[in-house]
Structure formats: C-alpha cells, structure tokens
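Structural overview
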Amino acid sequence: MSKPRTEVFAGTDELVTAAAEHFVEIVTRAQAERGSASVVLTGGSTGIALLDKVRRSPGKVDFAQLDVFWGDERFVPAGDPERNELQARQALLDHVPVDPARVHATATSDGEYPDPVEAAAEYSAAVHAHLAEHGAFDLHLLGMGGEGHVNSLFPHTDAVAEKHELVVAVTDSPKPPAVRITLTLPAVALTRHVVLVVSGGAKADAVAAAVFGASAVDIPAAGAQGSASTTWLLDEAAAAKLPKP
C-alpha cells in the first residue's frame, strides 16, 4: 500500500477544483495506458461538487471508455434524492457520453432486489467481474465523516472489520438512512489511486488520526489506501491538526 500524502488548500472552492483536476488526470492517464479507466464515486456535497466541476472542465476524459461505480449507496427507492447515483447523474453523468452499460449502480429498495443482502450480492458480482477483467479500480474518491467513516464503513462496526467480502449490506448505519450498500476496505485496497477529499474543522482530529496511522477499526479512513497512491486533499480547517509544512 502507498504512503499517504497531503495537499492543503485555502478553502472549499480550491479544494473542489483540485479534486476535479485529480479526477481528470488519473482517468486520462489510465485511458492513455490501458484504453479505458474506472472510477468509484463518493457522495456528499463536496463529492458532488467535484463531479460538477469535472463536467465543466472535463479535459481529455473519454467518458465512453469509463466504468463508473459507487463506494456506497443509500438503500432507498429509485428516484429518491438521497441516492448518490441520482446526485451524480444530475451533476455529471447525464451531461457526458457515458456508456449506460458501464455505469454500475446498486439496486434500489423498490427494485429487483428488495433485500439489501441480495442487493449487495448483486453489486458484488458486478465489482468482481470488473476486477477480474481489469485487475483494479483506477480511482476511488472518498469523503470522510467527522468520526472518520468512509463509504458506509463506520468505526467499530462489522462492515469496517470485514476482511474478505468486497461488498456488504449495512442494516444499522449510525447515520440515516440505516440501510446501505457499501464497498469494504478490501475493495478500496484494490484501487490504484485513492483520493480523500475532506473539508471542515470538525474533521481535523479524524484527519490527523488517519494520516498518522490510527487503527481502521477506530478511524476507518486510516484503512483507505491505494496500491499506487493515497492522497488527502484538505482545506485548511480540516488540516488544522497536522504539522505545518
């Protein structure tokens, strides 16, 4: 696994711009090297803002040769505004020429797989099929909660302690909605480049703990590491507890 590195920006606008630039750079480099690329998206205000920024400044991304996954999803009905998929489509995917067959969303609670465990298994099959063909995800974008959670992996839960499965159902999330589908830390590890995008002073303690090697059970973000690179993009408030350069 790669050693984490940090980049600090004055505010949220600069942070989002930098995250979008990382997205474009990693995807275009992967496409130049291997013909296609894969990304795992995150939700949240910052995660969606960076997708909107990518739409406005897409660089040389070939969206037709891009596989899209999500790190986690709220297990709610189709069309629910809480779905990360819907927000990502509104911000980026509905505006670029992605191949619908290469957009891998999780099942909805009112769809073919109303049992979240079955929905997780169906998503896991798509993840395994992609990794069998391509070996790894190219980019996994992550936000982080104030207690250090990433995807729907919360401290001291079965999901964050999972060692083998790549996708699990969460039925008791401490952050509503309670039922979710999430990639696990073993899935994150099967990523070349992990980029965590974090803003706000309320997250500064968790950022410092993660960067300095806390247990992933205590601070799940500490276990989010890519095989080639792990980059923390932070605003000054989120970086407040890190040593000054």
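Being a predicted model, the structure only gives us computed values, none of them experimental.

Before going further, it helps to spend a moment on the environment of Lys-203. Inspection of the secondary structure puts Lys-203 in the loop between strand S8 (191-198) and helix H7 (204-211). What makes Lys-203 partly exposed here is its relative accessible area of 23%. Once residues lying within four places of it in the same chain are set aside, the contact partners of Lys-203 are Met-144, Gly-145, Gly-146 and Val-198.

The subject of this paragraph is the nonpolar core. Among the nonpolar cores identified, the biggest contains 50 residues, and Phe-23, Leu-41, Leu-51 and Val-127 are the most heavily contacted of them. Of the residues forming this core, the biggest block, ten residues, is contributed by helix H1 (residues 12-34). Leave out the neighbours within four places in its chain, and Leu-51 touches Phe-23, Leu-41, Ala-88, Ala-91 and Leu-92. Counting residues in hydrophobic clusters, the runner-up holds 21 residues, among them Val-150, Val-198, Val-207 and Leu-234.

Mapped onto this numbering, the UniProt entry annotates "domain: Glucosamine/galactosamine-6-phosphate isomerase" (unreviewed entry) at residues 12-232. Between the first and last C-alpha atoms of residues 12-232 the distance is 14 Å; the span itself is 36% helix and 18% strand.

Another point: the sheet that holds strand S3 (residues 66-70). Sheet architecture is open: six strands sit in the order S1-S9-S8-S5-S2-S3, paired in parallel fashion. Single-partner strands in this sheet number two, and they are strand S1 (4-9) and S3. This sheet shows a mean twist of 20° between the axes of neighbouring strands, independent of strand direction. Across the sheet, H7 touches S1, S8 and strand S9 (229-235), and the angle it forms with S9 is around 160°.

Applying the stated criterion across every chain yields a total of two aromatic pairs. Seen from their ring centres, Phe-69 and Tyr-123 are 6.4 Å apart, and the 55° between their planes marks the pair as tilted. You can see Phe-69 sitting in strand S3 and its partner Tyr-123 sitting in helix H4 (residues 116-134), a full 54 residues away along the chain. Considering the side-chain rings of Phe-69 and Phe-137, the 5.2 Å spacing of their centres and the 65° angle between planes classify their relative orientation as edge-to-face. In this pair, Phe-69 is assigned in strand S3 and Phe-137 in strand S5 (residues 137-142), connecting sequence segments 68 residues apart. Phe-69 gets classed as buried once you look at its relative accessible area, which sits at 0%. Looking at Phe-137, the relative accessible area reads 0%, which means it is buried.

Criteria and thresholds
Along each chain, residues carry numbers from 1 onward, in the same order as the chain's sequence is written. Per-residue local features are limited, in this predicted model, to residues with pLDDT of at least 70; the limit for side-chain atom pairs, both in listing and counting, is 80 or more; totals at the level of whole chains, interfaces and linings are taken over all residues. Heavy atoms from the whole structure form the basis of all side-chain values; hydrogens and water molecules are not counted. Where helices and strands are cited, they refer to DSSP runs of H or I of at least four residues and of E of at least two residues respectively, numbered from the N terminus. Burial status follows relative accessibility: with a 1.4 Å probe on protein chains alone, a residue under 20% of its type maximum counts as buried, one over 50% as exposed, and anything between as partly exposed. Whether two residues touch is decided by their heavy atoms; if any such pair falls within 4.5 Å, the residues are in contact. Buried Ala, Val, Leu, Ile, Met, Phe, Trp, Tyr and Cys residues that are joined via side-chain atoms within 4.5 Å together make up what is termed a nonpolar core. UniProt positions are given in the numbering used here, feature names are shortened, and annotations may be inferred rather than shown by experiment. Two strands qualify as a pair provided that DSSP identifies no fewer than 2 bridges between them. To define axes, lines are fitted to C-alpha atoms, for helices over the stretch in contact only, and angles between the resulting N-to-C directions are given on a 0 to 180 degree scale. Each pair of aromatic rings taken from Phe, Tyr and Trp, with Trp reduced to its six-membered ring, is defined by centres within 6.5 Å and is described as stacked if the planes are under 30 degrees apart, edge-to-face if over 60, and tilted in the remaining cases.

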